[in-house]
Amino acid sequence: MAFLFNSDAERAKVFANAFAHALPHQRFLTPAEAFDPADVRYLLTWTVPDDIERYANLEVLFSIGAGVDQIEPASLPPNIKLVRMVEDGIVRMMQEYVTLAVLALHRDLPGYLSQQAGGVWGVRPVRQAPDCQVSVLGLGVLATAVLDRLEPFGFIRQGWSRSARDIAGVNCFNGPEQLTQLLAQTDILVCLLPLTSETRGILNVELFSRLPRGAGLVHVGRGPQLDHDALIGALDSGQLAGAVIDVTDPEPLPADHELWRHPKVIVTPHIASVTQPQTAARAVIDNIGRHEAGLAPLGLVDRDRGY
Ligand code: GLV
């Protein structure tokens, strides 16, 4: 029974090497080779193959990325375990990006970039970190790691999730009512939610209106969670002071889109965090070990919840 690596050739080489060392008896395939889908026990891929019904002995489908919203749950037979990518490289890159973005908004980098464009030497007000409330929507592996990385700066750290969480040093909120409460006491909002029917469009006019005037937004969740017009309206009215946006809808963001040129926005092309092959191979190999020992793989998706 084989492991099929259905992603780019460069990462395949790294995975093949890691498998040869750690799981020498595991047959390792790429789509470049002829194979019988019925021989595939483990599949690593971004999307579900069109002929998935031919993978009659598939046990685990590993997503190459942290998100699994690209996989339509109904397209995958219910007996197949769906596992999202949880690996040290993705976690570290997300910590770096969100730290960069939170500090950029905290120190008003968009404002200084605008001043620089006009040759303006001017001091802008800064709220001190111990008075700055940074709130992360979503309290999964990435969000928890991000909040941990922000600790030394002295921000007031907060987070919100669907169900109750308890994280040392973090004010945790949960459920719809507490979201309103959290927003009212947030200076920088970070969206790290998975895309589900409940989070689609969540960053909208109403949510922005619940934030204190002059708040900032960091969006590293998924593009369809953000209403672009609502964001531009909130920035233009001063309700929001700035935004760092890594995900958009559509992607790529069209070259003539207003967000590219908005003076209060920094846009990056969905690069906040990218699966790193060495650490990802380690994580997948460990998860195969867990699966074969009868344990749940780390990152196992609850199909009903959608993440
Ligand atoms: C990137 O967005 C991922 O899902 O890994």
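For the structure itself, look to the data block above.
Residues numbered from 1 in each chain as written. Predicted model: local features only at pLDDT ≥ 70, side-chain atom pairs only at ≥ 80, totals over all residues. Heavy atoms only, no water.

Draft legend 1. Representation of the pairing of strand β1 (residues 2-6). Among the 5 residues that make up β1, 4 are buried, leaving the element largely enclosed by the rest of the structure. Where β1 lies against strand β2 (residues 27-29), 3 bridges are found, and the strand directions are parallel. Opposite Phe3, over in β2, you have Phe28 as the bridge partner. Considered for its hand, the β-α-β crossover made up of β1, helix α1 (residues 9-22) and β2 is right-handed. With 5 bridges joining them, β1 and strand β3 (residues 40-45) adopt parallel strand pairing. Counterpart to Phe5 in the pairing with β3 is Leu44. (Buried < 20%, exposed > 50% of the residue type's maximum accessible area, 1.4 Å probe, protein only. Helix = DSSP H or I, 4+ residues; strand = E, 2+ residues; numbered from the N terminus. Pairing = 2+ DSSP bridges. Right-handed = clockwise from strand over helix to strand, strands pointing away.)

Draft legend 2. Region of the structure containing the state of the cysteines. Under the criterion given, the structure shown has 0 disulfides. Free cysteine: Cys172, not disulfide-bonded; nearest cysteine sulfur from Cys191 at 17 Å. (Disulfide = S-S within 2.5 Å.)

Draft legend 3. Focus on helix α2 (residues 88-106). With 19 residues, α2 extends 27 Å from end C-alpha to end C-alpha; this agrees with the ideal 27 Å at 1.5 Å per step. Most of α2 sits inside the fold, with 14 of its 19 residues counted as buried. Two to three positions downstream of the cap, the backbone nitrogen of Gly89 sits 2.6 Å from a side-chain oxygen, assigning the N-cap of α2 to Glu87. (Expected span 1.5 Å × (residues − 1). Polar contact = N/O pair within 3.5 Å; in protein donor to acceptor, adjacent residues only side chain to side chain.)

Draft legend 4. Expanded view of the sheet that holds β3. Taken together, 5 strands build an open sheet; the order of strands is β2-β1-β3-β4-β5 and the sheet is parallel. Bordering the open sheet on either side are β2 and β5 (81-83), each of which pairs with just one other strand. On average, each strand axis in the sheet is inclined to that of its neighbour by 20 degrees, with strand direction left out of account. Along the sheet face, helix α9 (residues 277-292) touches β1, β3, β4 (60-63) and β5 and points at about 145 degrees away from the line of β3. (Axes fitted to C-alpha atoms, helices over the stretch in contact; angles between N-to-C directions. Contact = heavy atoms within 4.5 Å.)

Draft legend 5. Local environment of the packing of aromatic side chains. All chains considered together, the criterion is met by 9 aromatic pairs. Three or more aromatic residues joined by ring pairs form one cluster here, namely Phe3, Phe5, Phe15, Phe19, Phe28, Tyr42 and Phe62. Cation over ring: Arg305 sits above Tyr307, and NZ or CZ is 4.1 Å from the ring centre. (Phe/Tyr/Trp six-rings, centres within 6.5 Å; stacked < 30°, edge-to-face > 60°. Lys NZ or Arg CZ within 6 Å of the ring centre and 35° of its normal.)

Draft legend 6. Highlighting a nonpolar patch on the surface. On the surface, a cluster of nonpolar side chains totalling about 380 Å² of accessible area is made up of Leu109, Tyr112, Leu113 and Val123. Its location among the elements puts Leu113 in helix α3 (residues 109-117). In this structure Leu113 comes out as partly exposed when scored by relative accessible area, which is 42%. (Patch = residues over 30% accessible without salt bridge, like charges linked within 9 Å, V, L, I, M, F, W, Y side chains within 5 Å. Areas by Shrake-Rupley, 256 points an atom, 1.4 Å probe, with all protein chains shown as cover. Salt bridge = Lys/Arg side-chain N within 4 Å of Asp/Glu carboxyl O.)

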